[in-house]
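Tertiary structure, described
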Amino acid sequence: MIALARFVSLLAVGCALAGSATAADALPKLTQMLVESSDAQVQMDVLRGLSEALKGRRTAPMPAGWEAVEAKLADSANGEVRTLTQTLSLTFGSPRARTALRATAADTKAEAGARRTALESLLAIRDDGLPKLLQALVGDPAVRVVAIRGLAAFDDGGTPAAILGAYGRLTPAERRDALNALASRVAFAKPLLAAVAAQQVPKAELTADLVRQLRGLKDEGLRQELTKLWGVMRETSPDMEAEIARMKKVYWAGGSTPGDAPRGRVVFNKVCSQCHRLFDTGGNVGPDITGANRGDLDYLLQNILFPNAVIPNEYRASTLETKDGRVVMGVVKSQDAAAYTVQTATEVVTLPKAEVEKVEESEQSMMPEGLLGQLPETEIRDLLYYLTRPGQVPLPK
Ligand code: HEC
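Predicted model, so just to flag it, every value in this text is computed and none were measured. (Residues numbered from 1 in each chain as written. Predicted model: local features only at pLDDT ≥ 70, side-chain atom pairs only at ≥ 80, totals over all residues. Heavy atoms only, no water.)

A look at the overall build of the protein
- What the protein contains, in helices and strands, is 18 helices and 7 strands.
- Dimensions of the protein, computed from C-alpha atoms along their principal axes, come out at roughly 75 × 45 × 40 Å.
- Residue burial in the protein is summarised as follows: out of 397 residues, 46% are buried.
- Looking at the protein as shown, the accessible area adds up to about 19,300 Å², and 55% of this sits on carbon and sulfur atoms.
- Averaged over its 47 positive side-chain charges, the protein has a centre that lies 3 Å from the centre of its 47 negative ones. (Helix = DSSP H or I, 4+ residues; strand = E, 2+ residues; numbered from the N terminus. Buried < 20%, exposed > 50% of the residue type's maximum accessible area, 1.4 Å probe, protein only. Areas by Shrake-Rupley, 256 points an atom, 1.4 Å probe, with all protein chains shown as cover. Lys, Arg positive; Asp, Glu negative; His and termini not counted. Charge placed at Lys NZ, Arg CZ, Asp CG, Glu CD.)

Observations concerning the coordination of the iron atom of the ligand
- Each protein donor to the iron atom of the ligand is listed here as His276 (NE2) and Met367 (SD); together their distances run 2.0 to 2.1 Å.
- Considering all 6 donor atoms around the iron atom of the ligand, angles at the metal cover 86 to 176° and the coordination shape is octahedral. Here His276 is found in the loop between α16 (261-271) and β1 (277-278), whereas its partner Met367 is found in the loop between β7 (356-365) and α18 (377-387), with 91 residues between them in sequence. (Donors = N, O, S within 2.8 Å, 3.2 Å for Na, K, Ca; no water. Tetrahedral: all angles 85-135°; square planar, octahedral: opposite > 155°, others 65-115°.)

Considerations on the nonpolar core
- With 48 residues, the main nonpolar core has Leu119, Leu130, Leu134, Ile163, Leu206 and Leu214 as its most contacted residues.
- When residues in this core are grouped by element, the largest group, 6 residues, is from helix α12 (residues 186-197).
- Once you skip the residues sitting within four places of it in the chain, Leu206 turns out to touch Leu192, Leu193, Val196, Val211, Leu214 and Trp230.
- Counting residues in each nonpolar core, the second largest holds 28 residues, with Leu278, Leu297, Leu300 and Leu301 among its members. (Core = buried A, V, L, I, M, F, W, Y, C linked by side-chain atoms within 4.5 Å. Contact = heavy atoms within 4.5 Å.)

Concerning helix α10 (residues 159-166)
- Counting buried residues along α10, 6 of its 8 residues qualify, which places the element largely inside the surrounding structure.
- The set of residues buried in α10 consists of Thr159, Pro160, Ala162, Ile163, Leu164 and Ala166.
- Those residues of α10 hidden inside the fold are in contact with α8 (130-137), α9 (144-151), α11 (172-182) and α12.

See below:
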């Protein structure tokens, strides 16, 4: 069955690329298959294949006969068939699908998962009505993450106030999404730094990777403001060996058991786990470090202090700039004729190639420098001690 979905997807991609006579043939044939078949599995396979083939394209011309599919499958007993049909109809420009999805997204009584899917579909076609809706939904815990991430895609002047206004009520993870969205455009970053200066956003939450992203916006006024708030960022590495020796001294100043492992786990969760898996939890922006050479303090310090010394190619960061001024920093995980798929520090972003102005490969790792510099020495000792433990420890009470 998966084979059918894959076949449909390849067929549709092939046709789209070739723009050949078969392109005109295949979509109506698949559409007809959907009208005629009453087998939910076949319907699902064809729908999934079409979705896969259209991934990364915001819109596509409606194939002949699609209205009949939309009308028929809107009442399918199978939830996935209904959702896929609605999403595809939206991609094909159906006003009915757009109205329905906007209503679902805004409906606080609807199921949270359905609302998020509706928003994601509307984001995929870059629906004009979205910025105002998303700004209102920042106040709504059920869909707020999608709303905040989605707002980064639009250059809308109301966004900074909407996000900053809700900031105090956000969870730590939501705050990271909020800061990432605000750090993605010059016009958003200015109100963000004003909020940091006014202590509405705690300065400590502007972590090293965000500061780097802000500097990446290449705006002189912003840079000056950052230097005032954050101090000068070292652009050139100091002597590696001296720096490692200095950190070792800090570590061993803690005595024969230099740190506290449970407290170190808290520090890891705060500074590292967003990108790294260790033992049983964490993100996958960087490698899983459970099996790394963690018992070796030199290895740890080299990698933490000098992430740019050796960067495996699959982790080299790129900066993508859209035509409307959004800057996305991350690892380009894949690309095809239509779109780039980018792993940022917090999410996976798909950017249609037609909207991208410029892609620059950087000489930098996704892992920021200066992570330890933000921490008090006790936290550095706790973190390093935790990292050298062979197994997981409980969080402190
Ligand atoms: C924004 C994402 C990000 C954060 C935050 C981050 N890292 Fe990394 N880290 C990476 C990436 C990507 C790599 C792989 C590329 C490289 O070596 O620079 C990496 C590499 C490493 C390595 C080498 C792994 C190997 O396979 O040899 C270690 C060890 C490491 N990080 C530890 C840490 C620790 C400890 C922290 C917290 C103090 C941290 N990282 C924070 C993204 C991150």
